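Each chain, written out:
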Amino acid sequence: MAEITKLNVAELDFDTIKLNLKDYFGSQSEFTDHNFDGSAISVLLDILAYNTHYNAYYLNMLASESFLDSAQLRDSVVAKASMLGYTPRSVRGSQAYVNLNITASDSPASITVDKDTQFTSTVNGTSFTFATANSTVITPVSGNYIANDVLIRQGVPLTFKYTVNTANTEQKFLLPNANTDTNTLVVSVQESAADTNTSVYALASDITTVNATSNVYFMNEHSSGQFRVQFGDGVLGRKPITGNIVFLNSLVSEGTETNGANTFSAASTVGGYSTVSVVTANSAIGGLNKETIESIKFNAPKNYEAQN
């Protein structure tokens, strides 16, 4: 056999890589009498072939995950979409409208039904939590405390609290639950533990209107499907200072599972009263699961091309 001066490295398949190694070594004068299939060197060839195959596979996957069209991992797709200014849709809780009739024997001047007052509904044998989207003040009409078309949204209300420490460059303001409905997110910043003055921040949608003192936040999908809230840097948006307390209030929802819920009951007292009649005005609709990888791939470039 003529001596092979260059090893063929064009193949990626393990068996072909090993065969190329055998042909290369077999053509060298130092190994002319070796039986590569029956000697210990076969194990060494296996190791070399496996190492080459693993490296080729890794580099192939690395290249694949570097482009939006070919990426398969959600974190990779989300990262590429963010470069186009696209934030994937979170889970969306279904919405329903209910009519409330509260019995209040003490006849107050009004009853306030607070935001996030909870109700329950059962769908396919599973109980789910709904919460009022807004605060409602009910004044009596002919002695009856009735509120019609009260909007309730599916989800469990959760609040996450962070104390700002600007010295910690790794600090992140995360919504830890991957099922957070970002449509329900309310971001507020309290001055300090001693100063309870609080400002509500809005999601930035047009940076041309944002200045150094704008109370805005930015949001993107972080790792593991969690969403991350980011604040301004003192140029684009107000920058929090050490000691500020950040509150992230939102619902954790179940997506499409609660669509069609049509019977609701109060989970506890409503406005401080326990005798409450709940009549469904409109069954729950609009629940959506988190945006899929395929949908992100399709929508991100279109969103960029249209510039929102």
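Before any of the text, the structure's been laid out above.
Residues numbered from 1 in each chain as written. Predicted model: local features only at pLDDT ≥ 70, side-chain atom pairs only at ≥ 80, totals over all residues. Heavy atoms only, no water.

*Asks:* Residue-level account of the overall build of the protein chain, with values.
*Replies:* The secondary structure content of the protein chain amounts to 4 helices and 15 strands. The C-alpha atoms of the protein chain give 30 Å as radius of gyration, which overshoots the globular expectation for 308 residues (19 Å, by more than 25%). Projecting the C-alpha coordinates of the protein chain onto the three principal axes gives extents of approximately 105 × 50 × 40 Å. Looking at the protein chain as a whole, 37% of its 308 residues qualify as buried. Pairs at least 24 residues apart make up 68% of the contacts formed inside the protein chain by residues separated by at least 6 positions. In the form shown here, the protein chain has an accessible surface area of approximately 17,200 Å², with 51% of it arising from carbon and sulfur atoms. Considering the protein chain, the positive charge centre built from 17 side chains and the negative charge centre built from 28 side chains are found 6 Å apart. (Helix = DSSP H or I, 4+ residues; strand = E, 2+ residues; numbered from the N terminus. Rg over C-alpha atoms; globule rule 2.2 N^0.38 Å. Buried < 20%, exposed > 50% of the residue type's maximum accessible area, 1.4 Å probe, protein only. Contact = heavy atoms within 4.5 Å. Areas by Shrake-Rupley, 256 points an atom, 1.4 Å probe, with all protein chains shown as cover. Lys, Arg positive; Asp, Glu negative; His and termini not counted. Charge placed at Lys NZ, Arg CZ, Asp CG, Glu CD.)

*Asks:* Any chance you could break down the pairing of strand β13 (residues 245–252) for me, citing the residues and the numbers?
*Replies:* The side chains of a regular strand alternate, first on one face of the sheet and then on the other. Within β13, 7 of the 8 residues are buried, leaving the element largely enclosed by the surrounding structure. Taken together, the 8 bridges between strand β7 (residues 156–163) and β13 define a ladder with antiparallel strand orientation. Across the sheet, the residue bridging to phenylalanine 160 is leucine 248, located in β13. With 7 bridges connecting them, strand β9 (residues 180–190) and β13 associate as antiparallel partners. (Pairing = 2+ DSSP bridges.)

*Asks:* Just give me the short version of unusual backbone geometry, but keep the residues and values in it.
*Replies:* Positive phi is not limited to glycine here, since aspartate 149 has a value of about 55°. Checked against the element boundaries, aspartate 149 lands in strand β6 (residues 145–154). A positive phi is found at serine 224, a non-glycine position, where the angle reads about 60°. Looking at where serine 224 falls in the secondary structure, it is placed in the loop between β11 (216–221) and β12 (227–231).

*Asks:* Go over helix α3 (residues 74–82) with me, naming the residues and quoting the values.
*Replies:* For α3, the complete set of buried residues consists of Arg74, Ser76, Val77, Val78 and Ala81. Among the structural elements, β11 and α4 (293–306) are those in contact with the buried residues of α3.

*Asks:* Would you mind going over the side chain of serine 253 in detail, with residue names and values included?
*Replies:* With respect to the helices and strands, serine 253 occurs in the loop between β13 and β14 (265–266). Only 2.8 Å separates the side chain of serine 253 from the backbone oxygen of glutamine 154, close enough to count as a polar contact. Beyond its immediate stretch of four places on either side in the chain, serine 253 contacts Val91, Gly93, Gln154, Gly155, Asn179 and Asp181. (Polar contact = N/O pair within 3.5 Å; in protein donor to acceptor, adjacent residues only side chain to side chain.)

*Asks:* Lay out the sheet that holds strand β10 (residues 198–203) with the relevant residues and their values.
*Replies:* Sheet strands associate in pairs through backbone hydrogen bonding, adopting either a parallel or an antiparallel arrangement. Here we have 7 strands laid out as an open sheet, ordered β7-β13-β9-β10-β11-β12-β8, and mixed in their pairing. Because the sheet does not close on itself, it has two edges, and the strands there are β7 and β8 (173–175). Taking the axes of each pair of neighbouring strands and ignoring which way they run, one obtains an average angle of 30° across the sheet. (Axes fitted to C-alpha atoms, helices over the stretch in contact; angles between N-to-C directions.)

*Asks:* I'd like to hear about the nonpolar core, residue by residue, with values.
*Replies:* As a rule of thumb, soluble globular proteins bury nonpolar side chains together. Counting residues in each nonpolar core, the largest one holds 22 residues, and the members touching the most others are Val98, Leu100, Ile102, Phe119, Phe130, Ile152 and Phe264. The set of elements that each furnish at least two residues to this core consists of β1 (95–102), β2 (111–113), β3 (118–123), β4 (126–132), β6 and β15 (276–285). When neighbours within four sequence positions are excluded, leucine 100 is seen to be in contact with Val113, Phe119, Tyr145, Ile146, Ala147, Val150, Val270, Val276, Ser277 and Val278. Among the nonpolar cores identified, the runner-up in size contains 16 residues, and Phe173, Tyr201, Tyr217 and Leu248 belong to it. (Core = buried A, V, L, I, M, F, W, Y, C linked by side-chain atoms within 4.5 Å.)

*Asks:* Which residues make up the pattern of salt bridges, and what are the values?
*Replies:* One pass over the structure, following the stated rule, counts 4 salt bridges. Aspartate 181 is the salt-bridge partner of arginine 92, the closest N and O atoms lying 3.4 Å from each other. Of the two residues, arginine 92 sits in the loop between α3 and β1 while aspartate 181 sits in strand β9, which places them 89 residues apart along the sequence. In terms of burial, arginine 92 and aspartate 181 fall into one category: buried. (Salt bridge = Lys/Arg side-chain N within 4 Å of Asp/Glu carboxyl O.)

*Asks:* Before we move on, could you go through the packing of aromatic side chains and cite the residues and values that matter?
*Replies:* Under the counting rule described, the total for this entry stands at 4 aromatic pairs. A ring pair is formed by tyrosine 162 and phenylalanine 173, whose centres lie 5.6 Å apart and whose planes are at 85°; its orientation type is edge-to-face. Pair noted here: tyrosine 162 is in strand β7 and phenylalanine 173 is in strand β8, with a separation of 11 residues, a long-range link. The exposure classification of tyrosine 162 matches that of phenylalanine 173, with both residues buried. Relative to phenylalanine 231, the ring of phenylalanine 173 has its centre 5.4 Å away and its plane inclined at 80°; by these criteria the two rings are edge-to-face. Taken together, the positions of phenylalanine 173 in strand β8 and phenylalanine 231 in strand β12 put the pair 58 residues apart, joining distant regions of the chain. A single burial state applies to phenylalanine 173 and to phenylalanine 231, both of which are buried. Taken together through their ring pairs, the aromatic side chains of Tyr162, Phe173, Tyr201 and Phe231 make up a single cluster. Positioned above the aromatic ring of phenylalanine 298, the side-chain terminus of lysine 302 is 4.3 Å from the ring centre. (Phe/Tyr/Trp six-rings, centres within 6.5 Å; stacked < 30°, edge-to-face > 60°. Lys NZ or Arg CZ within 6 Å of the ring centre and 35° of its normal.)

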